[in-house]
Amino acid sequence: MDRKTLIAIVVCGIIMLLYYPFILPLFTPKRPDTQGVQEEAVLKKTQEKEVAVSPEPLKPQPVQPAQPQEEIRLKDVVLENELVRMVWSNEGASLKSIKLKQFKDEERKDILDLIRSDKIKYLPLAIASILQKEDFQRQRYTIREHSSDRVVFTTSLEEGVNIVKNVSLPPGKYHVNVDIFLENTTGAPVSLSYTIIASSSLAREGDPSSDIASVVGIDIGSGKIKLAYTLPKDLPARNESIGITWGGAMNKYFATVLKPASSDWVASIKAQPVDKRGIPSLEGERDDFVVSLETNTLTVSPQSTVKHSYIYFTGPKKEEILAQYETLHALLNYGWLGSISKVLLSFLNAVYRVFPNYGISIIILTIIIKSMLFPLTRKSQISMFRMQQLQPMIKQLKEKYKHDKQRMGKEQMLLFKKYGVNPMSGCLPMLLQLPVFFALFRTLQLSFEMRQAPFLLWIDDLSRPDVLLLLPFAIPLLGNTLNILPLIMTGASFFQMKLAPKAPATDPQAQAQQKMMSFMPIMFAFILYNMPSGLTLYWTTSTVLSIVESVVIRKSIKKIKLQ
């Protein structure tokens, strides 16, 4: 076997073998450092840091003197529109439940609730600390007003500060508008800061070690938003960057994000792990985490009120929905090949509008890609066939120049050039497919359209492996599931190899080369076994089409003779 052919085989083998641990991470967005990175650009001011207004324009009803907490009964109220049903509690004036009416939960049994009901200690939008009160999320508020789309909570502190939280749910939106009024009823200025919970107890869509993460959006200027996210295993984390635009948490398909009207009053975003009891835990078992927004110290003048306004997004990470909220598009990040992923998704959606099945869309996409690569594939297979025809000549060159390796290599290259043979061409079609393969992986992994998207029979979710049944035992490196598509793909790959030009019986090195290549289908089976079934469907369809191509090309190759 000549050196060029050996290099081609080694390159193909390395690509297949090291794809998952080394190549794929190159096309996956790196997790930015979130440990207090100071960004150079500052968010443009959208409003003043402290808006001091008299109580009169706010028209608040008089807040009653502080009522003993034990006299205030716990009470839940509901805000609802066409898309969302929210349950609010007067304990902490917090968000207790977020049900998204158009989506099912992970098991597809009930309407999706973005907040897991078994976690109750730290609830979103509760003020967790203020004026040295560190457990303020338990404070019980009085419900001053309530309607189907609006609720007003009030409470009074012994320091002479009244808190009014005005929450409204717009029609047809996945967010609430939250206005927090801090009223100083005393005759002296009051300096304070507060911490508000941005996210906690987010529902999960997969393995929590990689599915959920805390997120921070940082304005780095020129309209660009840097997404800093931290996995649970890397918590606790605090981000004190200049220009923090929002903070919260996300899973694969949904997010809960608190977005202040201005970054000027934001000191940091803090993410802290909690245990099963919902208590902060820096050591031992970590069951969840809570994300909080900490404000800078502000001064409220005597008999004045400071207003902080927020938008709290609680919805799916769909492009058309995120586009409604300035800067939230950063939540959907396809990585280095994002432009290709978006083109692929646009194509899949276009086909879906005609054939409402994303599995069919993937098959049609595969057919188009294979058609575009067919001329190159044909040229590659003709080159391989000619390589087989040249074996007697190559053998003669080896005998003739067996004592001059350099001359033998030069003559062999001249022979290849004369008959249009390229030893590397066998890998070229596969290499050209890799960018599409990686981009499609990110598309199927992150695009909301693929969530719970069925194909046919047992393939009921193209974003997950096509599990037919659970096995009573675990297979090393594969797990305890029986996935059918990778097995079909492997069988088709072996059949495809049988159609490839056979190595001459007189060339043991070429035969050894083909035996080595026969392990490629097994390697690909391991790589794709637990990948999204949509990706395996793409590669299986591509392999079947390659078999058809081989049959067609072989008929034309038989007519080719060396000139």
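Owing to the predicted nature of the structure, the values given are computational and were not obtained by experimental measurement.

### Details of the overall build of the protein
Link 1 in the chain: In terms of helices and strands, the protein carries 14 helices and 23 strands.
Link 2 in the chain: For the protein, long-range pairs separated by at least 24 residues make up 68% of all intrachain contacts whose partners lie at least 6 apart in sequence.

### Looking at unusual backbone geometry
Link 1 in the chain: With an omega of 5 degrees, the peptide bond between L235 and P236 qualifies as cis.
Link 2 in the chain: With respect to the helices, strands and loops of the structure, P236 is situated in the loop between β14 (225-230) and β15 (237-239).
Link 3 in the chain: Unlike most non-glycine residues, A93 shows phi in positive territory, near 45 degrees.
Link 4 in the chain: Its place among the elements puts A93 in the loop between β3 (84-89) and β4 (94-104).
Link 5 in the chain: Owing to a relative accessible area of 0%, A93 belongs among the buried residues under this scheme.

### Overview of the pattern of salt bridges
Link 1 in the chain: For the structure on display, the rule yields 14 salt bridges.
Link 2 in the chain: For E159, the salt bridge is made with K133, and the minimal N-O distance between the two is 2.5 Å. Of the two residues, E159 is situated in the loop between β8 (150-156) and β9 (161-168) and K133 in the loop between β6 (127-130) and β7 (142-147); the sequence distance between them amounts to 26 residues.
Link 3 in the chain: Residue class for E159 comes out partly exposed when judged on its relative accessible area of 32%.
Link 4 in the chain: For R238, the salt bridge identified is with E294, shortest N-O distance 2.3 Å.

### Some words on the confidence of the model for the protein
Link 1 in the chain: Looking at the protein as a whole, the pLDDT averages 79, with 77% of positions reaching at least 70.
Link 2 in the chain: Considering only residues more than four positions removed or in separate chains, one finds that residues 16-63, a stretch of pLDDT under 50, has 113 contacts.

### Notes on the sheet that holds strand β2 (residues 76-80)
Link 1 in the chain: Spatially, the four strands line up as an open sheet ordered β2-β3-β4-β5, and their pairing is antiparallel. At either margin of the open sheet sits one strand with a lone partner, and together these are β2 and β5 (111-113). Looking at each pair of strands side by side, their axes are set apart by 25 degrees on average, direction ignored.

### A look at the packing of aromatic side chains
Link 1 in the chain: With the rule as written, the count across this model stands at eleven aromatic pairs.
Link 2 in the chain: Ring centres of F103 and F254 lie 5.6 Å apart, and the angle between their planes is 70 degrees; on these two criteria the pair is classed as edge-to-face. Taken together, the residues span a long stretch of sequence, with F103 in strand β4 and F254 in strand β17 (residues 254-260) at a distance of 151 residues.
Link 3 in the chain: Take F103: its relative accessible area is 11%, and that puts it in the buried class.

### Digging into the nonpolar core
Link 1 in the chain: By size, the foremost hydrophobic cluster in this structure holds 84 residues, and its most contacted members are W88, I130 and L331.
Link 2 in the chain: The residues touching L331, leaving out its near neighbours within four places in the chain, are V215, L227, W246, M250, A255, V257, K317 and L322.
Link 3 in the chain: Membership of the second largest hydrophobic core comes to 31 residues, among which are L348, F437, L462 and L528.

### With respect to helix α13 (residues 520-528)
Link 1 in the chain: Summarising burial for α13: seven of the nine residues are buried, a large majority.
Link 2 in the chain: Residues of α13 that are buried include every one of M520, P521, M523, F524, A525, I527 and L528, and no others.

### Focus on the pairing of strand β19 (residues 288-295)
Link 1 in the chain: Judged by how many residues are buried, β19 sits mostly within the fold: eight of eight residues are covered.
Link 2 in the chain: Because side chains alternate across β19, one face comprises the buried residues D288, V290, S292 and E294, and the other comprises F289, V291, L293 and T295, equally buried.

### Topic: the environment of S301
Link 1 in the chain: The residue S301 is located in the loop between β20 (298-300) and β21 (305-316) in this model.
Link 2 in the chain: When its relative accessible area of 33% is taken as the criterion, S301 is described as partly exposed.
Link 3 in the chain: Between the alpha carbons of S301 and G187 there is a distance of 8.4 Å; along the sequence they are 114 residues apart.

### Some remarks on helix α7 (residues 358-389)
Think of an α-helix as turning once every 3.6 residues; residues three or four places apart then point the same way.
Link 1 in the chain: Compared with the 46 Å implied by 1.5 Å per residue over 32 residues, the 44 Å span of α7 between its first and last C-alpha is a close match.
Link 2 in the chain: Largest kink in α7: about 50 degrees, centred on F374, with the proline P375 one to four residues after it.
Link 3 in the chain: With a side-chain oxygen lying 2.7 Å from the backbone nitrogen of G359, the N-terminal cap of α7 falls on N357.

### Focus on the side chain of K133
Link 1 in the chain: Given a relative accessible area of 19%, K133 falls into the buried group.
Link 2 in the chain: Aside from chain neighbours lying at most four places away, what touches K133 is A128, E158 and E159.

### Structural notes on the environment of T295
Link 1 in the chain: The topology assignment puts T295 in strand β19.
Link 2 in the chain: Classification of T295 as buried rests on a relative accessible area of 7%.
Link 3 in the chain: For the pair T295 and D264, spaced 31 residues apart in sequence, the C-alpha to C-alpha distance is 8.9 Å.
Link 4 in the chain: Beyond its immediate stretch of four places on either side in the chain, T295 contacts S193, Y194, W265, A267 and Y310.
Link 5 in the chain: A polar side-chain atom of T295 sits 3.0 Å from the main-chain amide nitrogen of Y194.

### Let's talk about the packing of α7 against helix α8 (residues 391-400)
Link 1 in the chain: Here α7 crosses α8 at 50 degrees, and the two axes come no closer than 4 Å. Between α7 and α8, the angle is such that the two are oblique. The residues of α8 that touch α7, namely those facing M387, Q388 and Q389, are Q391, P392 and I394.
Link 2 in the chain: Considered class by class, the residues forming the contact of α7 with α8 number three nonpolar, three polar and no charged.

### Things to note about the sheet that holds β15
Link 1 in the chain: If you walk across this open sheet you meet the five strands as β6-β12-β19-β18-β15, and the pairing is antiparallel. Because the sheet does not close on itself, it has two edges, and the strands there are β6 and β15. Geometrically, the sheet is characterised by an average inter-axis angle of 20 degrees between neighbouring strands, direction not taken into account.
Link 2 in the chain: Pairing between strand β18 (residues 266-274) and β19: eight bridges, direction antiparallel. Within the sheet, the bridge partner assigned to P273 lies in β19 and is F289.

Rules behind the numbers
- Residues numbered from 1 in each chain as written.
- Predicted model: local features only at pLDDT ≥ 70, side-chain atom pairs only at ≥ 80, totals over all residues.
- Heavy atoms only, no water.
- Helix = DSSP H or I, 4+ residues; strand = E, 2+ residues; numbered from the N terminus.
- Contact = heavy atoms within 4.5 Å.
- Buried < 20%, exposed > 50% of the residue type's maximum accessible area, 1.4 Å probe, protein only.
- Salt bridge = Lys/Arg side-chain N within 4 Å of Asp/Glu carboxyl O.
- pLDDT = per-residue confidence, 0-100.
- Pairing = 2+ DSSP bridges.
- Axes fitted to C-alpha atoms, helices over the stretch in contact; angles between N-to-C directions.
- Phe/Tyr/Trp six-rings, centres within 6.5 Å; stacked < 30°, edge-to-face > 60°.
- Core = buried A, V, L, I, M, F, W, Y, C linked by side-chain atoms within 4.5 Å.
- Expected span 1.5 Å × (residues − 1).
- Bend = angle between axes of the 7 residues up to and from the residue.
- Polar contact = N/O pair within 3.5 Å; in protein donor to acceptor, adjacent residues only side chain to side chain.
- Parallel < 35°, antiparallel > 145°, perpendicular 65-115°, else oblique.
- Nonpolar A, V, L, I, M, F, W, Y, C, P; charged D, E, K, R; others polar.

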